Number of protein chains: 2
Amino acid sequence: MLEKTTRMNYLYDFYQSLLTPKQQSYMSLYYLDDYSLGEIAEEFNVSRQAVYDNIKRTEAMVEEYESKLLLFQKFQERNKILLKMKELLTEKTLDQQTLLDAVSELEKLD
Amino acid sequence: MLEKTTRMNYLYDFYQSLLTPKQQSYMSLYYLDDYSLGEIAEEFNVSRQAVYDNIKRTEAMVEEYESKLLLFQKFQERNKILLKMKELLTEKTLDQQTLLDAVSELEKLD
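Read on for an overview of the structure. Since this is a predicted model, take the numbers as computed values, not measurements. (Residues numbered from 1 in each chain as written. Chains lettered and ligands numbered in written order. Predicted model: local features only at pLDDT ≥ 70, side-chain atom pairs only at ≥ 80, totals over all residues. Heavy atoms only, no water.)

What to know about the environment of B:Y31
Residue and element names in this part refer to chain B.
Alright, step 1. Within the secondary structure, Y31 sits in helix 2 (residues 21-32).
Alright, step 2. Separated by 27 residues in the primary sequence, Y31 and K4 have C-alpha atoms spaced 6.6 Å apart.
Alright, step 3. Excluding its chain neighbours within four sequence positions, the residues that come into contact with Y31 are E3, K4, T5, M8, N9, I55 and E59. (Helix = DSSP H or I, 4+ residues; strand = E, 2+ residues; numbered from the N terminus. Contact = heavy atoms within 4.5 Å.)

Structure follows, in structure tokens:
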């Protein structure tokens, strides 16, 4: 059984444009619309095994893209910094230097 | 003749990890080290035309990746916002709301 993870949801979101239409359909139904493998198989009139193999290969593909482009990893790092900035910006006295440092960190991430 | 552009320098930077070692070598020598097509041909003992064709195909590939992933476009948009934030952060009185808006804009870009 494949494991439906938040990570794969994100990876699919970042790399779906690099997938074929069929890969997109299976992944989208499985991860976004929470279909089961059996339901997808029925929908496309193919075997459950065919759907499983396709999704498994696609998962490996997007993990390979992530290892090369790190879009999800950088997204998480950026998010952490942005969250910190929002906290800093709601304080009464703004810490100018720490905010400038956060901007520099964001620049380095690109 | 290929045109050496700043854009292609950036695109190569963003997508080089998706290219083959040979594509990386040619592109890197041509765009980063400013070799001529003839010099690369000599280095690799192939025809100038072969180098030209390879680089031309690689350029099309990275443009295709950019059309799908928009990494360079988002990088530019992020940079504009970060520049604005740095300006705002060096003013005497910090504009809290405008800074928070900038953070929101950055969040939307991911």
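Digging into the nonpolar core
Side chains of nonpolar character tend, in soluble globular proteins, to be buried together.
Alright, step 1. Formed by 48 residues in total, the largest nonpolar core has its most connected members in A:Y15, A:I55, B:Y15 and B:I55.
Alright, step 2. Discounting residues that sit within four places of it in the chain, B:I55 has contacts with B:L2, B:Y26, B:M27, B:Y30, B:Y31, B:L37 and B:I40.
Alright, step 3. Among the nonpolar cores identified, the runner-up in size contains 24 residues, and A:L82, B:I81, B:L94 and B:L100 belong to it. (Core = buried A, V, L, I, M, F, W, Y, C linked by side-chain atoms within 4.5 Å. Buried < 20%, exposed > 50% of the residue type's maximum accessible area, 1.4 Å probe, protein only.)

Points about the pattern of salt bridges
Alright, step 1. Across all of its chains, the model carries eight salt bridges over all chains by this definition.
Alright, step 2. With a closest N to O distance of 3.6 Å, A:K84 and A:E105 form a salt bridge. Here A:K84, found in helix 5 (residues 71-89), pairs with A:E105, found in helix 6 (residues 96-108); they are 21 residues apart in sequence, far enough to count as distant.
Alright, step 3. With relative accessibility at 35%, the residue A:K84 sits in the partly exposed group.
Alright, step 4. For A:E105, a relative accessible area of 34% gives the class partly exposed.
Alright, step 5. Put simply, A:K86 and B:E107 hold a salt bridge, and the shortest N to O gap is 2.8 Å. With one member in each of two chains, A:K86 in helix 5 and B:E107 in helix 6 (residues 96-108) form a pair that bridges those chains.
Alright, step 6. The class for A:K86 is partly exposed, based on a relative accessible area of 29%.
Alright, step 7. Judged by its relative accessible area of 30%, B:E107 falls in the partly exposed class. (Salt bridge = Lys/Arg side-chain N within 4 Å of Asp/Glu carboxyl O.)

Let's talk about the relation of the copies chain A and chain B
Alright, step 1. If you rotate chain A by 180° and push it 0.0 Å along the axis, it lands on chain B with an RMSD of 0.0 Å. Taken together, the rotation angle and the small translation identify this as a two-fold axis. Considering only C-alpha atoms, the residue of chain A closest to the rotation axis is A:L94, which sits at 3.8 Å.
Alright, step 2. A share of 100% of interface residues in chain A that are also interface residues in chain B marks the association as one of identical surfaces. (Least-squares fit on C-alpha atoms with pLDDT ≥ 70 in both.)

Description of the side chain of A:T58
Alright, step 1. Within the secondary structure, A:T58 is located in helix 4 (residues 48-69).
Alright, step 2. Apart from the residues within four sequence positions on either side, A:T58 is in contact with A:L19, A:Q23 and A:M27.

What about the packing of helix 5 of chain A against helix 6 of chain A?
All names here are of chain A.
Alright, step 1. Following both chains from N to C, one finds helix 5 and helix 6 inclined at 165°, their axes separated by 10 Å at the closest point. Relative to helix 6, helix 5 is oriented roughly antiparallel. The element helix 5 and its partner helix 6 pack so that their crossing is left-handed. Residues R78, I81, L82, K84, M85, L88 and L89 of helix 5 form the contact with helix 6, whose own contacting residues are T98, L99, A102, V103, E105 and L106.
Alright, step 2. Counted by class, the contact of helix 5 with helix 6 contains nine nonpolar, one polar and three charged residues. (Axes fitted to C-alpha atoms, helices over the stretch in contact; angles between N-to-C directions. Parallel < 35°, antiparallel > 145°, perpendicular 65-115°, else oblique. Left-handed = near helix turned anticlockwise from the far one by under 90°. Nonpolar A, V, L, I, M, F, W, Y, C, P; charged D, E, K, R; others polar.)

What about the packing of aromatic side chains?
Residues and elements named next belong to chain A.
Alright, step 1. Scanning all chains against the criterion turns up 16 aromatic pairs over all chains.
Alright, step 2. Between the aromatic rings of Y10 and F75, the centroid separation amounts to 5.4 Å while the plane-to-plane angle is 40°, which identifies the pairing as tilted. A residue pair is termed long-range when its members are at least 10 positions apart, and Y10 in helix 1 (residues 6-15) and F75 in helix 5 qualify at 65 residues.
Alright, step 3. Taken together, Y10, F14, F72 and F75 form an aromatic cluster joined through their ring pairs. (Phe/Tyr/Trp six-rings, centres within 6.5 Å; stacked < 30°, edge-to-face > 60°.)

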